[in-house]
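Next come the chains, spelled out residue by residue.
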Amino acid sequence: MATGITRLSSLLATILLLASCIGRSAATARDQPIASRPTPPSSPLPAMPTPRPPATPTPDPDVRLFPQTNHTLRGVFRRFWEKQGGLAAFGLPLTEPVQIDGTTVQYFERARFDLADGTTVALGRLGYEARLRMPAPIVPTVPQPNCRFFPQTGHNLCPPLLQYWTHLGGVPILGYPLEDAEQTDGVLRQYFERARVEAPDGQPAHLARIGAEALEQTAGGRVLQTPGLGASPLQAMVIGQTAGVAPLDQATVRVRIDGYTGPAEIIIADRRGVTGKYPVRVEGGAAEVHVAALGMAGPQAAVVTIDGQIAGIGSNALIVRTATTIRTGQPRFDQLLPTVQRFMAQDTSSYVFDGHYAHGYRSPDSDLLWLRDHVYQAKGYAYWEHDMTSLLDQFRRFQYPDGSFDDYVANKPWGLIRGRTQVEADLEYLFIEGVYRAWQATGDDDWLREQVDAMERGLQYIRTSPLRWDDQHQLVKRPFTVDTWDFEYGPPTVAPDGKPSPRHWIDKNTKWCIFYGDNTGYANSMELLARMLDHLGNAPRAAYWRHEAAGITERLNALAWNGSFYRHMVHLTSVDVPGVDEARQLSLSNAYALNRSGITEAQAEAIIREYQRRYQARGTAFSEWYSIDPPFPSGSLSTSQRPGWGKEPGEYVNGGMMPLVGGELARGAFSHGAEAYGFDILQRYYSLVAGTGGSYLWYHPEGQPGISGADSLATDGWGSSAMLAALIEGAAGVRDDAVLFEKATLTPRWVAAGDVTNANVTIRYGASDSYIAYRWKK
C-alpha cells in the first residue's frame, strides 16, 4: 500500500501548518491549554499580562486590601459596599475597578458594581443577563396570596425571599423579580434584575455567587482577576470589529487614549484566558492593531494596558464565528459539506413522548426515527447539529427490562409507535456508538454517566439472549440476512399475520448464522465504552470491556476471515444457496470494518485491495460500492414484490451500489495508506451527486438512481454522511480521539489530491461550539 504518501502528507502538515486553534464551550470547560498564537503549533499559550507587584497594605485610609483575592476596595465602591451589607451581602472583590465599554465596574463574588455617572453606584444587571442565557422561557404568572405581585414583570415575590429583598433595599438595589421562585435540590431560588437570591432549607436567604459566575462567562474575565492588575489613570476607548471573524482570520482593533502618546499593549482574551498579546505605539491618542481570531467561539475582549495597568476594555472587540467549513478552491471538496447538510436537513423528525422532546435523523422514505439511521448519520450532522442527545435519551427510556433496545420509535396523533425488527442483532452496539459520538460533541460527562447502565445492560443482553448469542463460538448470531439488513434470505413468504412479507421474524424455520459485521460492531462498541469508562474514572470496568472486545475479535478472525476479507455469513443452520459462490461474496460491512477498532493494518490493506481489484474488474458497473458482490440470483430474496427492492441482482441490497459503502471505504482508504484511492471515491461521488442533483440510498450498477417508488427520495443522509466523514476525517485529516477535540489527530492529506495547494479548514461541533481550525499550504 502507499504508506509513503501518508508519511509525506503528515510531514508536510507538520512543516507547513500555519496555525491551529481549538475552542470549547465554557459550559463544559475543564481547563486545558489551547494553541492560540499565530506561531508554530508547538508554541505555548500566551501568558497572562505581567502586572505590577501585588498590592500591599497602604496608609491611604480609603483603600482596603482583601488578601484572600489580593484586590482592593476604595472610593464610592467601598462606601456602597459597606453601607449595603458588605462581605455578607456581596462577598469579596474579584477585580479592581476597571473601565469596560466606557463604564467603570468592579466584580464581586455576588454582584457587579457599576458607576454609571461617575458618582452613583448601582448593581449591574447580572440577574437579567444570566436569565437570558437560560433556555427556559420566562412565563408571566398571576398574583399569589401572601405575596407581593409586580405587574411590571408579571411575577410574585413571596416570603422568605420577600423579607430579604426588602432588607437589602428592594427595587433600587436588586430590581424587579424576573420569575417566580423555584425550589430545586432543596434550595429556593429567584432571579431579579441585578441578582439571584437563594435560601437553602433551614438557612437564611442570601445573594448567590452570580458575580463570580458572570466573571467566568465574561471574555477577559480571567485577565481581570489577575492579582495586582489595577486600573491605569489613563482611560482607553476600544473600538472593535463587530462583524464575526472566522478562526485564524485577521481583525482590526482600534484604541483611543486622549492626550497620550507612548507604548501600550492590547491583550485579546476569551473566557478561558489570553489568546494573543500585541504591543502597540499610541500616537496622538490613537492606535490600531491587526489581531488573529483565535480561541473560543463567541465574543472576545480587548484589554488595553499601559505600564502593566488596565486603561480600558472592549468586551466585544472581536467575535469569533465558527462553522464547519472546508475551503480548498476545488468544488468537489468545498461543495460537499453544504450539499450533504442540505440533504440531511430534509430528513429529520421530532416527537414528544410523555413530555420528553426527541429530535433525530431518519431515512428520507419514512418519518419514523430508526436508531441505526440516526446513529450512522451522526458522522455528518455532529458538525452542525445542536441536539445530539434527546433521541438517544428516548431510546434509553424505552429500553426493555432484558436490556434490549427498540429499532424505531414515533408518536403519532393516533398513538405510540415503537418496536424492533426481530432479525436485527446490531441495535445494542449502535446505541453505544451513538452515545460515544454525542458525548464527543457535547462534552457532557453528567449525561454520559446516565447512559452507562443502559450501555452495559445492552451488552449483557446481546451476550446472554439465546436469540443473539451462540454459545459454541462465543459470538453474536443472527438469522441469514443480507449483511446487516432486516429480512432473512429466502423467497417471498407469508407473515404470521397472514400477509405477504419478507421474513422479519424468528421462528422454528429460521436459518442461523454468525455475521461478522455484528461482531466487529460489538468489539468496536466495547472499545468505545472502555474509553468512556476510562474518562469517568472506572479503569477496572474499562479493562474488562477491552478484554471482551479482544476475545470477540480473536474468535471472529479465526472463524470468518478468509485472508482477503470477512466471509459474508458462517452458517450455523444448513442452507442451500443455489447459483452463487458464497465464498466470493463481499458484503458491505467489510467497509465498516475498516473504521472499527480491532482490525489489523494487514487486514485493512487486504480489504482495500479486494475492493480495488473488483473496481478494476467491474465490467459495466460504475463503482465497487456493492451492497453484496456477487448478488443472489433472481427471486432469491423476499424483500418485496415491487420492482427495485432486491428481487433482481443489482437492486437495493442485492448488489446495488451504495454511497454508504463508498464513504466508509474512502474513510478507511485515507486511514490505511491509500489516499489516492480515497480521493478517487470522493471525486466519483461528487460527480454522481452533480449529475443527478441528489443522493440516493442505492444505485443500479450502471449508475442510474435506485428509484423503486414515490418514497425513494434523493436526500439520503446515510451515504452522504459517510462521504462527509471521509472528507473530514480522511481528506482534511481531523479526527477527535477523545472529547471536544481536546485530544485530536491532525493529518491533512491534501497533497495526495494533486490539485489542492491551499486549504482553510474549520471543523466544529454544533452542540458545544468546540472546534479545530487550521491553514494548510503546499
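Look above for the structure.
The text that follows walks through the structure, step by step, so that each part is easy to find. Residue numbers here run from 1 along each chain, matching the order of that chain's written sequence. Local features in this predicted model are restricted to residues of pLDDT 70 or higher, and side-chain atom pairs are both shown and tallied only at a pLDDT of 80 or more, whereas totals for entire chains, interfaces and linings draw on every residue. Excluding hydrogens and water, the side-chain figures rest on all heavy atoms present in the structure.

We now examine the overall build of the protein. A run of H or I in DSSP counts as a helix once it spans at least four residues, and a run of E counts as a strand once it spans at least two, with each numbered from the N terminus. Looking only at helices and strands, the protein has 21 helices and 39 strands in total. We take the radius of gyration over the C-alpha atoms and set the globule estimate at 2.2 Å times the residue count to the 0.38 power. Over its C-alpha atoms the protein spans a radius of gyration of 31 Å, differing by no more than 12% from the 28 Å that the globule rule assigns to 778 residues. Expressed as lengths along the three principal axes of its C-alpha atoms, the size of the protein is roughly 100 × 65 × 50 Å. Relative accessible area decides the class of each residue, using a 1.4 Å probe on protein chains only: under 20% of the type maximum gives buried, over 50% gives exposed, and in between gives partly exposed. A total of 778 residues make up the protein; the buried ones form 60% of that total. When contacts within the protein are restricted to residue pairs at least 6 apart in sequence, those whose partners lie at least 24 apart make up 63%. Areas reported here follow the Shrake-Rupley algorithm with a probe of radius 1.4 Å; residue values treat only the protein chains shown as occluding. Split by element, the accessible area of the protein, about 30,300 Å² in all, is 53% carbon and sulfur. Put simply, the protein has 72 plus and 82 minus side-chain charges, and the middle of one group is 3 Å from the middle of the other. In this analysis, two residues are considered to be in contact whenever any of their non-hydrogen atoms come within 4.5 Å of each other. The charge count includes Lys and Arg as positive and Asp and Glu as negative, but it does not include His or the ends of the chains. To locate a charge, the coordinates of NZ of Lys, CZ of Arg, CG of Asp or CD of Glu are taken.

A few words now on the packing of aromatic side chains. Between the rings of Phe, Tyr and Trp (Trp by its six-membered ring), a pair exists once the centres lie within 6.5 Å; its type follows the angle of the planes, with under 30 degrees stacked, over 60 edge-to-face, and the other angles tilted. Under the definition given, this model contains 35 aromatic pairs. Residues Phe-353 and Phe-398 carry aromatic rings whose centres are separated by 5.6 Å and whose planes lie at 85° to one another, so their mutual orientation is edge-to-face. Residue Phe-353 is located in strand S23 (residues 348–353), and its partner Phe-398 is located in the loop between helix H12 (390–397) and strand S26 (408–412); the two are separated by 45 residues in the primary sequence. The two residues Phe-353 and Phe-398 agree in class, both being buried. Judged by centre distance (5.6 Å) and plane angle (10°), the ring pair of Trp-485 and Trp-718 falls under stacked. Here Trp-485 is found in the loop between strand S29 (475–479) and strand S30 (488–494), whereas its partner Trp-718 is found in helix H21 (residues 717–731), with 233 residues between them in sequence. There is no split in this pair, since Trp-485 and Trp-718 are both buried.

With that settled, the discussion passes to the packing of helix H19 (residues 659–671) against H21. At their nearest, the axes of H19 and H21 sit 7 Å apart, and the two run at 10° to each other. One way to sum up the angle between H19 and H21 is to call them roughly parallel. Residues Pro-659, Leu-660, Gly-662, Gly-663, Glu-664, Ala-666, Arg-667 and Phe-670 of H19 pack against Trp-718, Gly-719, Ala-722, Met-723, Ala-725, Ala-726, Glu-729, Gly-730 and Ala-731 of H21. By the convention adopted, Pro, Cys, Tyr, Trp, Phe, Met, Ile, Leu, Val and Ala count as nonpolar, Lys, Arg, Asp and Glu as charged, and the other residues, Gly among them, as polar. Here the contact of H19 with H21 is built from residues that sort into 10 nonpolar, four polar and three charged. Structural elements are reduced to axes, namely lines fitted to C-alpha atoms, with helices fitted over the stretch in contact, and the angle between N-to-C directions of any two is expressed from 0 to 180 degrees. Note that the term roughly parallel is reserved for angles under 35 degrees, roughly antiparallel for angles over 145, roughly perpendicular for angles of 65 to 115, and oblique for everything else.

The values are spatial; any link to function lies outside them.
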